[in-house]
Amino acid sequence: MFVLDDTQREIRAMAADFVETEITPHARDWDRAETVDLAIVGKLGELGFLGLGIAEEYGGTEVDMLSYILVCEELGRGDSAVRGIVSVSLGLVTKSIAAHGTDEQKRRWLPELTAGRALGCFALTEPDSGSDAASLRTKAVRDGDDWVISGEKMFITNGTWAKVALVFARTSAEGGKGITAFLVPTDTPGFTTTTIHGKLGLRGQATAALSFEEVRVPDSARLGAVGKGLGIALGALAKGRISVAAGGVGVAQAALDAAVRYSTERTQFGQPIAAKQLVQELLADSAVEIESARLLTWKAAALVDAGASREEVQLASSMAKLAASETAVRVSNSCLQVFGGYGFIDEYPMGKYLRDARVLTLYEGTSQLQKLIIGRALTGVDAM
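Fair warning: this is a prediction, and the values are worked out from it, not measured in the lab. (Residues numbered from 1 in each chain as written. Predicted model: local features only at pLDDT ≥ 70, side-chain atom pairs only at ≥ 80, totals over all residues. Heavy atoms only, no water.)

The number of helices and strands found in the chain is 11 helices and 10 strands. In summary, the chain has a C-alpha radius of gyration of 21 Å against a globular reference of 21 Å for 384 residues, a match within 12%. Overall size of the chain, expressed as C-alpha extent along the three principal axes, is 80 × 45 × 40 Å. Expressed as a percentage of its 384 residues, the buried residues of the chain come to 52%. Long-range pairs, those at least 24 residues apart, make up 74% of the contacts in the chain with a sequence separation of at least 6. Taken as a whole, the chain presents about 16600 Å² of accessible surface, with 53% of it coming from carbon and sulfur. Taking the 39 positively charged and 48 negatively charged side chains of the chain as two groups, their mean positions are separated by 4 Å. (Helix = DSSP H or I, 4+ residues; strand = E, 2+ residues; numbered from the N terminus. Rg over C-alpha atoms; globule rule 2.2 N^0.38 Å. Buried < 20%, exposed > 50% of the residue type's maximum accessible area, 1.4 Å probe, protein only. Contact = heavy atoms within 4.5 Å. Areas by Shrake-Rupley, 256 points an atom, 1.4 Å probe, with all protein chains shown as cover. Lys, Arg positive; Asp, Glu negative; His and termini not counted. Charge placed at Lys NZ, Arg CZ, Asp CG, Glu CD.)

In structure tokens:
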């Protein structure tokens with residue numbers, strides 16, 4: 001049982017108000033246009049939503065992990081595309097710089113990122129390397145005081161909008177131990193991006209393929225020690241999965257709220273369809289699933305705040321991500337059913353909720369990968 005404190009309730013209410021005024025009215029149009037209005041980034045920065053958990057000296061707001069997760073849930077309720085912008089730029093990139101960066105790197109990038117004057121992208125996934133991140137092929141070769149990066153990245157959120165890419169590249173042939181992280185300004189010569197169009201969901205979000213053609217960066221761009229990049233990536237993803245879970249809870253809650261409203265307004269056989277037992281069953285089952293996923297997500301955030309071990313956080317985040325992403329798909333599908341044929345056209349938001357929910361079971365580790373992580377924790381046997 002979780003009881004939010006005054007600060008957490010205030011942050012949650014502020015996020016809910018922001019969603020109602022700045023996101024929900026535009027979500028359908030952004031989905032149709034396949035891009036959000038980038039003015040939303042500056043607004044997120046002004047409210048402090050791109051600096052949650054970052055030190056005040058860098059423009060951040062020093063709140064706990066649960067407060068950040070509450071914001072992600074509300075943003076997911078409004079538009080998963082916007083939640084993804086925050087989860088990647090803040091959750092994966094900004095927080096990685098704050099945790100592993102040099103003073104110079106922090107001074108250069110954190111104030112820009114927390115204010116929304118810059119976005120970050122997390123360049124890990126490649127055309128032939130997804131769940132098996134340790135097999136990535138992008139290379140960084142030492143050349144005097146510089147590194148020269150060559151390779152390709154795929155499905156990179158914020159890829160065409162970012163000013164800095166957190167790039168993971170192979171610096172030796174030692175599998176996972178041969179990967180190093182770099183902070184690469186996206187205007188560096190040889191760095192190019194290609195927008196991926198025609199996505200099923202998250203259509204308002206910039207998703208891109210990245211190409212590195214002998215991109216030269218100084219050693220001062222290296223984030224953390226040589227060969228420690230995979231650890232940085234996995235640590236960020238373990239916590240990042242909690243924000244994905246929160247977004248899933250938000251999508252499911254939005255779908256349920258819409259279905260409840262519609263069921264009390266839509267009349268068939270002389271009465272609102274909310275009076276039909278099978279409709280109430282769809283709604284009740286959805287509500288129970290959402291609350292279960294929410295509690296798992298909040299628990300994972302609370303473990304981070306309590307300073308739990310990396311293994312404990314990884315297990316809790318995998319459980320939350322698995323439960324919330326699958327819940328988002330089931331609930332949005334069930335709630336679409338309440339709308340009948342109207343759920344099938346984009347004048348209503350149900351199709352978008354279902355499309356946006358589907359990707360949550362894929363990125364930052366598929367549902368199948370989360371099950372293997374959970375199974376490994378239970379048995380001590382690695383089945384990957």
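Residues Leu-44, Leu-75, Phe-122 and Phe-168 are the most contacted members of the largest nonpolar core, which totals 96 residues. It is helix α7 (residues 229-265) that contributes the most residues to this core, 18 residues altogether. Counting 19 residues, the second largest nonpolar core, distinct from the first, contains Cys-121, Ala-165, Val-167 and Phe-212. (Core = buried A, V, L, I, M, F, W, Y, C linked by side-chain atoms within 4.5 Å.)

What follows covers helix α5 (residues 80-100). Relative to the 30 Å expected for 21 residues at 1.5 Å per residue, α5 spans 28 Å between its end C-alpha atoms, a close match to the ideal helical length. By the criterion of burial, α5 is predominantly enclosed, with 17 of the 21 residues buried. The N-terminus of α5 is capped by Asp-79, whose side-chain oxygen sits 3.0 Å from the backbone nitrogen of Ala-81. (Expected span 1.5 Å × (residues − 1). Polar contact = N/O pair within 3.5 Å; in protein donor to acceptor, adjacent residues only side chain to side chain.)

Here the focus is the layout of surface pockets. Size it by volume and the largest pocket reaches roughly 1200 Å³. Residue lining of the largest pocket: 45 residues in total, with Thr-125, Gly-130, Tyr-363, Glu-364 and Gly-365 positioned closest to the centre. Elements that contribute at least two residues to the lining of the largest pocket include exactly α5, β3 (146-157), α7, α10 (350-360) and α11 (367-379). Taken together, the residues that form the lining of the largest pocket break down as 23 nonpolar, 13 polar and nine charged. Of the volumes computed, that of the second largest pocket is approximately 470 Å³. Contributing to the lining of the second largest pocket are 26 residues, with Thr-24, Ala-258, Arg-261, Pro-349 and Tyr-353 lying nearest its centre. Only α2 (27-33), α4 (65-78), α7 and α10 provide two or more residues apiece to the lining of the second largest pocket. Sort the elements by how many residues they give to the lining of the second largest pocket and α7 lands first, with seven residues. Class assignment for the residues of the lining of the second largest pocket results in nine nonpolar, four polar and 13 charged. (1 Å grid on protein atoms, 1.4 Å probe; cavity = no way out; pocket = protein on both sides within 12 Å on 5 of 7 lines; lining within 4 Å. Points joined across faces, edges and corners; volume = space filled by probe spheres on them. Nonpolar A, V, L, I, M, F, W, Y, C, P; charged D, E, K, R; others polar.)

Let us look at a negative patch on the surface. On the surface, Glu-56, Glu-57, Glu-62 and Asp-103 cluster together to form a negatively charged patch. Mapped onto the elements of the fold, Glu-62 is located in the loop between α3 (39-47) and α4. Glu-62 sits in the exposed class, given a relative accessible area of 54%. (Patch = residues over 30% accessible without salt bridge, like charges linked within 9 Å, V, L, I, M, F, W, Y side chains within 5 Å. Salt bridge = Lys/Arg side-chain N within 4 Å of Asp/Glu carboxyl O.)

Our focus in this paragraph is the pairing of strand β1 (residues 120-123). Every second residue of β1 is oriented toward a common face, with Gly-120 and Phe-122 on one face and Cys-121 and Ala-123 on the other, all of them buried. Strand direction decides the pairing type here: β1 and strand β4 (residues 164-170), joined by four bridges, are parallel. Residue pairing across strands places Phe-122 opposite Leu-166, the latter belonging to β4. (Pairing = 2+ DSSP bridges.)

This part is about unusual backbone geometry. Phi at Leu-202 is positive, roughly 50 degrees, even though this residue is not glycine. Looking at where Leu-202 falls in the secondary structure, it is placed in the loop between β6 (191-195) and β7 (207-218). Phi is positive for Phe-269, which is not a glycine, with a value near 55 degrees. Residue position: Phe-269 is located in the loop between β9 (267-268) and β10 (271-272). Note on Phe-269: relative accessible area 77%, which makes it exposed.

The next subject is the side chain of Glu-364. Along the chain, the position of Glu-364 falls in the loop between α10 and α11. No salt bridge is formed by the buried Glu-364; the nearest opposite charge belongs to Arg-83, separated by 5.5 Å. Leaving out residues up to four positions away in the same chain, Glu-364 has contacts with Leu-92, Leu-237, Gly-240, Arg-241, Val-244, Lys-321 and Gln-370.

Remark: α5 packs on helix α6 (residues 103-115), axes separated minimally by 9 Å, with the N-to-C direction vectors making an angle of 155 degrees. Classified by the interaxial angle, the pair formed by α5 and α6 is roughly antiparallel. As for how α5 packs across α6, the hand of that crossing is left-handed. Here Ser-89, Thr-94, Ile-97 and Ala-98 of α5 lie close against α6, whose contacting residues are Gln-105, Lys-106, Trp-109, Leu-110, Leu-113 and Thr-114. Its residues assigned to classes, the contact of α5 with α6 shows five nonpolar, four polar and one charged. (Axes fitted to C-alpha atoms, helices over the stretch in contact; angles between N-to-C directions. Parallel < 35°, antiparallel > 145°, perpendicular 65-115°, else oblique. Left-handed = near helix turned anticlockwise from the far one by under 90°.)

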